[in-house]
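Overview (structure and organization)
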Amino acid sequence: MITLGHFLALSAVLFAIGLFGVITRRNLIAVLMSVEILLNAAAIAFAATAAYKDPVFFSGQLFALFIMVVAAAELSIGFAILLNVFRHTGSAATDVVEEMRG
Amino acid sequence: MSVLGFAVLAGLVLAGALVAVLSENIVHAAVALAFTFFFVAGLYVLLGSPLLAVIQFAVNAAAIPILTLFIIMTTQSRRVRPAAGVFYLVAGVLAVVFLAGLWAYLGAPQEAFQPLGPEGLGVRLLTVTLLPFEVASVLLLLAMVGAVVLARRREA
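All figures in this text were calculated on a predicted structure; none of them were measured in a lab.

The next thing to look at is the overall build of chain B. Helices and strands together make up the secondary structure of chain B, namely six helices and zero strands. Within the span of chain B, comprising 156 residues, buried residues form 36% of the whole. A separation threshold of at least 6 residues defines the contact pool for chain B, and within that pool the share at least 24 residues apart is 60%. In the structure as shown, chain B presents an accessible area of about 9200 Å², 77% of it carried by carbon and sulfur atoms.

Its 20 residues give helix 1 (residues 3–22) of chain B an end-to-end C-alpha distance of 28 Å, which sits within 8% of 28 Å, the value for a rise of 1.5 Å per residue. Buried positions along helix 1 of chain B lie against helix 1 (4–24) and helix 2 (28–53) of chain A together with helix 2 (26–46) of chain B.

To continue, consider helix 5 (residues 118–127) of chain B. Listed as buried for helix 5 of chain B are Gly120(B), Leu121(B), Arg124(B) and Leu125(B). Here the buried residues of helix 5 of chain B occupy an arc of 140° about the axis, which is enough to place them on one side. Counted as exposed and oriented over 90 degrees from the buried face of helix 5 of chain B: Glu119(B), Val123(B) and Thr127(B). The elements touched by buried residues of helix 5 of chain B are helix 3 (59–89) of chain A together with helix 3 (50–75) and helix 6 (130–151) of chain B.

Here the focus is the packing of aromatic side chains. In this description, an aromatic ring pair is defined by two values, namely the gap between the centres and the angle between the planes. Throughout the structure, instances matching the rule amount to six aromatic pairs over all chains. Here the aromatic rings of Phe7(A) and Tyr52(A) are separated by 6.3 Å at their centres, their planes lie at 50°, and the arrangement is tilted. Here Phe7(A) is found in helix 1, whereas its partner Tyr52(A) is found in helix 2, with 45 residues between them in sequence. Under the relative-accessibility criterion, Tyr52(A) is labelled buried at 5%. Aromatic side chains Phe7(A) and Phe6(B) sit 4.8 Å apart centroid to centroid with 65° between the ring planes, which places their arrangement in the edge-to-face category. Of this pair, Phe7(A) sits in helix 1 while Phe6(B) sits in helix 1, which puts the two residues in different chains. In this pair, the class of Phe7(A) matches that of Phe6(B), namely buried. An aromatic cluster of at least three residues, connected via ring pairs, comprises Phe35(B), Phe38(B), Phe39(B) and Phe57(B).

As a further point, take the side chain of Ser49(B). Considering the arrangement of structural elements, one finds Ser49(B) in the loop between helix 2 and helix 3. Excluding anything up to four places from it in sequence, Ser49(B) contacts Gln61(A), Tyr44(B) and Leu121(B).

Here we take up the packing of helix 3 of chain A against helix 5 of chain B. Closest axis-to-axis distance for the helix 3 of chain A/helix 5 of chain B pair is 10 Å, and the angle between their directions is 70°. Here helix 3 of chain A is positioned roughly perpendicular relative to helix 5 of chain B, judged by the angle of their axes. The segment helix 3 of chain A lies against helix 5 of chain B, with Gln61(A), Leu62(A), Leu65(A) and Phe66(A) engaging Leu121(B), Arg124(B) and Leu125(B).

Let's shift gears to a positive patch on the surface. Residues Arg87(A), Arg152(B), Arg153(B) and Arg154(B) make up a contiguous surface patch of positive charge. Looking at the secondary structure, you find Arg152(B) in the segment after helix 6. In this structure Arg152(B) comes out as partly exposed when scored by relative accessible area, which is 48%.

Turning our eyes to something else, we now look at the interface of chain B and chain A. Residue-level contacts link 79 residues of chain B with 63 residues of chain A. For the pair chain B and chain A, the summed buried area comes to about 6600 Å², and 78% of that belongs to carbon and sulfur atoms. There are seven residue pairs in polar contact (both at pLDDT 80 or more) connecting chain B and chain A. Secondary structure elements with two or more residues in the side of chain B that touches chain A: helix 1, helix 2, helix 3, helix 4 (85–100), helix 5 and helix 6 of chain B. The element that contributes the greatest number of residues to the side of chain B that touches chain A is helix 3 of chain B, accounting for twelve residues.

The rules behind these values
All residue numbers here refer to positions counted from 1 along the written sequence of the relevant chain. Numbering of ligands from 1 and lettering of chains from A proceed in the order in which they are written. Reporting in this predicted model follows two pLDDT cut-offs: at least 70 for local features of residues, and 80 or more for side-chain atom pairs to be given and counted; totals over whole chains, interfaces and linings ignore these cut-offs and use all residues. Only heavy atoms go into the side-chain values, all of them from the structure, while hydrogens and water stay out. Numbered from the N terminus, helices here are DSSP runs of H or I no shorter than four residues, and strands are runs of E no shorter than two. Exposure is judged per residue with a 1.4 Å probe applied to protein chains only, and the accessible area is read against the type maximum: over 50% gives exposed, under 20% gives buried, and values in between give partly exposed. When checking whether two residues touch, look at their non-hydrogen atoms; a contact exists if any pair is within 4.5 Å. With residues, only the protein chains shown are counted as cover, and all accessible areas are computed by Shrake-Rupley using a 1.4 Å probe. Here the expected span of a helix is defined as 1.5 Å times the quantity of residues minus one. Taken from the helix axis, the directions to the C-beta atoms give the arc we talk about. Aromatic pairing here means that ring centres of Phe, Tyr or Trp (its six-membered ring) are within 6.5 Å. Orientation follows from the plane angle: under 30 degrees is stacked, over 60 is edge-to-face, and everything else is tilted. Axes, fitted as lines to C-alpha atoms, cover a helix only where it is in contact. Angles between the N-to-C directions of the axes lie from 0 to 180 degrees. Roughly parallel refers to an angle under 35 degrees, roughly antiparallel to one over 145, roughly perpendicular to one between 65 and 115, and oblique to any angle outside these ranges. Patch rule: a residue counts if its relative accessible area is over 30% and it has no salt bridge; like charges are joined within 9 Å, and nonpolar side chains (Val, Leu, Ile, Met, Phe, Trp, Tyr) within 5 Å. Note on definitions: salt bridges are taken to be side-chain nitrogens of Lys or Arg within 4 Å of carboxyl oxygens of Asp or Glu. Asp and Glu are treated as the negative residues and Lys and Arg as the positive ones, with His and the ends of the chain left uncounted. To locate a charge, the coordinates of NZ of Lys, CZ of Arg, CG of Asp or CD of Glu are taken. Buried area adds together the accessible area that both of two parts lose upon being put together, with accessible area traced by a 1.4 Å probe. The term polar contact refers here to a pair of N or O atoms within 3.5 Å; inside protein, the definition further demands a hydrogen-donor-capable atom paired with an acceptor-capable atom, and it admits residues adjacent in sequence only when both atoms are side-chain atoms.

Here's what the structure looks like:
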């Protein structure tokens, strides 16, 4: 029998892995990929909680849907900014972004 | 709900995420991330929500990895240099602290649930959450326009 605790545990471990990636990665693309892992961990937690605790409205599963929308928007804007950084500095590493001036 | 299915899917999700976070070859990381999201779609099937699973597959497991690989190609970044040791220390401590918060949830009571089919979820999406739905579409439009404007080549 799989319980809500199993899903929340998986979500928490996934979130911890993503957090580790966001901090240790030095390439902006890899950082954005880790952020995707974080968002997916949150979506799993929402969807599982909705299935177990909200058997009438399943609001959390709709919320997971909106998380995917926000993730897609975040990623497209993030990659556009990354392209600008790459054109400006010729690199996609995190430590080349040292000033806000264009 | 099958315990074996959950165990296999959870193991594959965690393994894929670990490769995506630790691999020094960024192409390997992107492909591992695609597989991770594919298995997360399997988890949504286990949760009785095929609608979420299909959208997860189409958006997160197909569209986003292609975009990521395209960006990797454009910026010609093949390898990720390893970070300084202090970053690994901070990240490890933060991850452990976060996992410590997990204990509160492990004693959740056992209960079964009746899954809601795609039609029920769709009806709720367009009635209960109609306003967020419209806001989300505007957000996607704004993100699309913003990405086009930001990534456009400046006229010299």
